[in-house]
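# Remarks on the overall topology
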Amino acid sequence: TTLSDSVRLPPFDSLAPGAPRIQRLSILSDPKARLNWLRTDSSVTRHELWLKARGHAWRIIDTVGLQNTYTFTGLDTRDSQYCARIIGIDSCANNASAFSKPHCAVQLEGRAGNLENILSWQAYEGFSNPSYEVQILSNGGWQIIGSASDTTYTDSVDLTCGVTERYRIRTISG
């Protein structure tokens, strides 16, 4: 019998991994927002996080490892609606996935009326058929006061002239 010489071959991967899937983009408080996502491909070892304010261009904010949450800071959440998207990068050849479906957080606005407060907001983007829960800050905790399938709500229950109320919107995936 006889043997040949040996050869060393590094395998490579030219296939792009599957795109990550965003679960939600939530405003924590001005100036922060939290992004949660699922890694959909086991070959992904890093994620590029992209962010944009409505009407502005996308920009890379950070590249992170295997975590599945990230907090964006330094945002102007009162004046801008923010959108996020992610790319997964694999471990073998730094192949990049397609972008995830973008998600855009709700931006709430309101105006005072005659013993009523009229709320309106930019719709959450990223969920199919979202619905909305309207909450008011009461006695140090958030209380549900109503729901909406569109992006407006009028609160006229137990309001007192000159007393400022604080509201927020919870988006529910349809």
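Residues numbered from 1 in each chain as written. Predicted model: local features only at pLDDT ≥ 70, side-chain atom pairs only at ≥ 80, totals over all residues. Heavy atoms only, no water.

### Some details on the overall build of the chain
Counting its regular elements, the chain contains zero helices and 13 strands. The order of helices and strands in the chain, counted from the N terminus, is β-β-β-β-β-β-β-β-β-β-β-β-β. Taking 16 Å as the expected radius of gyration for a compact globule of 174 residues, we find that the chain reaches 22 Å, considerably beyond that expectation. The proportion of buried residues among the 174 residues of the chain is 34%. Intrachain contacts of the chain at a sequence separation of at least 6 include 59% that bridge at least 24 residues. If you sum the accessible surface of the chain, you get close to 10,800 Å²; carbon and sulfur atoms cover 46% of it. (Helix = DSSP H or I, 4+ residues; strand = E, 2+ residues; numbered from the N terminus. Rg over C-alpha atoms; globule rule 2.2 N^0.38 Å. Buried < 20%, exposed > 50% of the residue type's maximum accessible area, 1.4 Å probe, protein only. Contact = heavy atoms within 4.5 Å. Areas by Shrake-Rupley, 256 points an atom, 1.4 Å probe, with all protein chains shown as cover.)

### Regarding the sheet that holds strand β5 (residues 69-72)
Within a beta sheet, neighbouring strands are joined by backbone hydrogen bonds and run either parallel or antiparallel to one another. If you walk across this open sheet you meet the three strands as β1-β2-β5, and the pairing is antiparallel. Bordering the open sheet on either side are β1 (21-29) and β5, each of which pairs with just one other strand. The average undirected angle you get between the axes of adjacent strands in this sheet is 20°. Inspection of the sheet shows β1 paired to strand β2 (residues 32-38) by seven bridges, in the antiparallel sense. Looking at β2, one finds that Leu 25 is bridged to Leu 35. (Pairing = 2+ DSSP bridges. Axes fitted to C-alpha atoms, helices over the stretch in contact; angles between N-to-C directions.)

### Focus: a negative patch on the surface
Negative charge collects at one region of the surface, where Asp 30, Asp 76, Asp 79 and Glu 109 lie side by side. Within the secondary structure layout, Asp 30 lies in the loop between β1 and β2. (Patch = residues over 30% accessible without salt bridge, like charges linked within 9 Å, V, L, I, M, F, W, Y side chains within 5 Å. Salt bridge = Lys/Arg side-chain N within 4 Å of Asp/Glu carboxyl O. Lys, Arg positive; Asp, Glu negative; His and termini not counted. Charge placed at Lys NZ, Arg CZ, Asp CG, Glu CD.)

### Let's talk about unusual backbone geometry
The residue Leu 115 is not glycine, and still its phi comes out positive at about 55°. We note that Asp 158 has phi near 55°; this positive angle belongs to a residue other than glycine. Given a relative accessible area of 71%, Asp 158 falls into the exposed group.

Such coordinate-based values are descriptive only and should not be taken to indicate function.
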